[in-house]
Amino acid sequence: MNIMSYILFAVALIELIFIIILLIKKERRLNKTIDDYVIKILANEKINPNDVDKKITGDDDNTFIYIVKSFAFHNQGEYQKCINLLLTLLAKKNIKRAYINTVHFLTALCYQKMKKYSDAKKHISSVKMNYFSIEPVHIRTLKSEIEVYAGNINAVKDIIDNRPPLRAVEIMKRAYKESDNEDIIIAALGKGLDDEKLLTVLLKKCLEYKQERVEEIIFKKVKNPNFNEKHIKTIIKWIKQCEEPEKILTMIDKSNLNNYIKKALKIFTINISGEDEINIKVLIEDIRKNDNELVKENPQIIIQVLLETGYYKYVQLFIK
C-alpha cells in the first residue's frame with residue numbers, strides 16, 4: 001500500500017490512451033485534427049456515439065470508427081451496444097492485427113461491467129502479446145478484477161498491489177457482493193488491505209451465521225484484525241445470540257486477537273454468563289496495567305464493553 005500502487009494505476013490509464021494514439025498514427029489517411037476528439041473519448045468524456053461518424057472520415061473499412069464509437073458507447077454505460085459493435089469487428093476476416101487486442105480488451109471490460117464474467121474471461125484471455133512483450137498493466141489488472149469478481153481469491157493480491165487502496169476496497173466489496181464469498185474479504189485483510197469498511201461488511205455477515213462459522217472467521221481466519229468500536233458492538237451482538245458463553249471464552253483465548261481485545265470481550269462474555277464479578281474486576285485491572293499502549297490507540301473498545309456490562313464506574317480509568 002504505497003506510492004507504487006498509484007503509479008501503476010496512472011500507468012494503466014496512460015497505456016489506454018497510447019493504444020488509440022498508436023492506432024491514429026497507423027491510419028495516415030485520417031485527418032490529424034481528430035486526435036484531440038478521440039483522446040476526449042478515452043478520458044471518459046460522455047460524447048454522443050452518433051457524432052463519431054461525422055468527426056472521423058476516410059476510414060475505408062470503418063474499423064477505426066467502430067472502435068472509437070465503441071469507446072463512446074462504453075463511456076455512456078451502453079455496454080451491450082459497445083459489445084455489438086466490437087463483435088461485428090471480430091467477425092470480419094480482414095481486421096488488422098493492430099486492432100484485435102484493443103477490441104478484445106474493451107469487450108472484456110464491458111462484459112465485466114455487465115457481470116458476465118465467463119464472457120469477460122474469454123475475451124481478456126484472447127489478448128495476445130508479442131513473444132518479447134511484457135503484459136501491460138491495464139491488461140493484467142482487468143484480468144485480476146474479472147477473476148476476483150468471479151470469486152477467485154487468488155487474484156486478490158494482484159488487485160491490492162496494482163490499485164490505489166480506496167479503489168481496491170471498492171473492488172473487494174463488489175467482489176464479495178457478487179460472489180457471496182467472505183473469503184474474498186478475509187484474503188484482502190490478510191494481504192494488508194486494512195480497512196474498517198471491509199471488517200464491518202464481514203462482521204455483519206457473521207451475524208447471519210451459526211456459531212461454528214463465526215468461530216472460524218472472527219477467531220481463526222482474520223489475522224490481527226484492527227477492530228474499532230463499531231466492530232466490537234457487532235461482535236457483542238453475536239455473543240448475545242450464543243447459548244453457551246463458556247465456549248465463547250475458550251474461542252477468545254485461542255483466537256488471533258490481541259490481548260487487549262481478548263480481555264475486553266471476555267469481560268462482556270463473563271458478564272452475560274452470570275459469573276462472579278471478581279473475574280471481571282481482575283480483567284479490568286489487567287488491561288489498565290498491561291495494555292496501556294493498546295488502550296491509548298483505541299480506548300473506545302474497553303469503554304464500550306464497560307458501558308454494555310453496566311460497569312460505568314470503571315470508565316474513568318480509561319479516559320485520559
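Values in this document were obtained by computation on a predicted structure and should not be read as measured data.

Participant: In this structure, what is going on with the packing of aromatic side chains? I would like to understand it.
Facilitator: Centre distance and the angle of the planes are the two values used to describe a pair of aromatic rings. Counted under the stated rule, the structure contains two aromatic pairs. Looking at Arg-174, its charged tip hangs above the ring of Tyr-149, at a distance of 4.0 Å from the centre.

Participant: Would you explain the environment of Ile-218 in this entry?
Facilitator: With respect to the secondary-structure elements, Ile-218 resides in helix 13 (residues 211–221). Put simply, Ile-218 and Ser-255 are 37 residues apart on the chain and 8.0 Å apart in space, counted from C-alpha to C-alpha. With residues up to four places along the chain from it excluded, the contact list for Ile-218 reads Leu-203, Cys-206, Phe-227, Ile-235 and Leu-257.

Participant: I would appreciate a short explanation of the side chain of Lys-263 in the present structure.
Facilitator: Residue placement: Lys-263 occurs in helix 16 (residues 259–273). Here Asp-286 takes part through its side chain, which lies 3.2 Å from a polar atom of the side chain of Lys-263. Beyond its immediate sequence surroundings of up to four residues, Lys-263 is in contact with Leu-283, Asp-286, Ile-287, Asn-290 and Asp-291.

Participant: What exactly am I supposed to notice about the confidence of the model for the protein here?
Facilitator: Regions with low pLDDT carry predicted coordinates that are not meant to be interpreted in detail. Per-residue confidence for the protein averages 79 on the pLDDT scale, and 80% of its residues sit at or above 70. The spread of mean pLDDT over the elements of the protein runs between helix 1 (residues 3–26), the lowest at 53, and helix 7 (residues 117–124), the highest at 93. Below pLDDT 50 for its whole length, residues 28–34 participates in twelve contacts with residues either more than four positions away or in separate chains.

Participant: What exactly am I supposed to notice about the pattern of salt bridges here?
Facilitator: Any two side chains of opposite charge can pair, so long as their charged atoms come close to each other. Taken as a whole and assessed by the stated rule, the structure comprises 17 salt bridges. We note a salt bridge from Arg-167 to Glu-145, for which the minimum N-O separation is 3.5 Å. You can see Arg-167 sitting in helix 10 (residues 165–179) and its partner Glu-145 sitting in helix 8 (residues 137–149), a full 22 residues away along the chain. Classification of Arg-167 as partly exposed rests on a relative accessible area of 33%. Linking Asp-286 and Lys-263 is a salt bridge whose minimum nitrogen-to-oxygen distance equals 3.2 Å. Of the two residues, Asp-286 sits in helix 17 (residues 277–290) while Lys-263 sits in helix 16, which places them 23 residues apart along the sequence. Relative accessible area serves as the criterion here: at 13%, Lys-263 is assigned to the buried category.

Participant: Explain helix 6 (residues 97–113) here, please?
Facilitator: Every α-helix winds through 3.6 residues per turn, so residues three or four apart in the chain are directed the same way. Spanning 17 residues, helix 6 covers 25 Å between terminal C-alpha atoms, matching the ideal 24 Å at 1.5 Å per step. Counting buried positions along helix 6 gives twelve out of 17 residues, so the element sits mostly inside the fold. Looking only at helix 6, the buried set comprises Tyr-99, Thr-102, Val-103, His-104, Phe-105, Leu-106, Thr-107, Ala-108, Leu-109, Cys-110, Tyr-111 and Gln-112. Downstream of helix 6 by a residue or two, Lys-115 has a phi angle that is positive, lying close to 65 degrees.

Participant: How should the packing of helix 14 (residues 229–241) against helix 19 (residues 300–309) be read in this particular structure?
Facilitator: To describe two helices that pack against each other, one gives the angle between their axes and the distance between the axes. Their axes nearest at 9 Å, the elements helix 14 and helix 19 cross at an angle of 35 degrees. As helix 14 packs across helix 19, the resulting crossing turns out to be right-handed. On the side of helix 14, the interface is formed by Glu-229, Ile-232, Lys-233, Ile-236 and Lys-240, while helix 19 contributes Gln-300, Ile-301, Gln-304, Val-305 and Glu-308. A per-class count over the contact of helix 14 with helix 19 returns four nonpolar, two polar and four charged.

Participant: Which parts of the structure should I look at to understand the state of the cysteines?
Facilitator: Note on terminology: a disulfide is the covalent bond linking the sulfur atoms of two cysteines. All told, the structure shown has zero disulfides when counted by the stated rule. Counting only cysteine sulfurs, Cys-110 is the nearest neighbor of Cys-82, a cysteine outside any disulfide, at a range of 3.4 Å. The exposure class of Cys-82 is buried, given its relative accessible area of 0%.

What counts, and where the lines are drawn
Residues numbered from 1 in each chain as written. Predicted model: local features only at pLDDT ≥ 70, side-chain atom pairs only at ≥ 80, totals over all residues. Heavy atoms only, no water. Phe/Tyr/Trp six-rings, centres within 6.5 Å; stacked < 30°, edge-to-face > 60°. Lys NZ or Arg CZ within 6 Å of the ring centre and 35° of its normal. Helix = DSSP H or I, 4+ residues; strand = E, 2+ residues; numbered from the N terminus. Contact = heavy atoms within 4.5 Å. Polar contact = N/O pair within 3.5 Å; in protein donor to acceptor, adjacent residues only side chain to side chain. pLDDT = per-residue confidence, 0-100. Salt bridge = Lys/Arg side-chain N within 4 Å of Asp/Glu carboxyl O. Buried < 20%, exposed > 50% of the residue type's maximum accessible area, 1.4 Å probe, protein only. Expected span 1.5 Å × (residues − 1). Axes fitted to C-alpha atoms, helices over the stretch in contact; angles between N-to-C directions. Left-handed = near helix turned anticlockwise from the far one by under 90°. Nonpolar A, V, L, I, M, F, W, Y, C, P; charged D, E, K, R; others polar. Disulfide = S-S within 2.5 Å.

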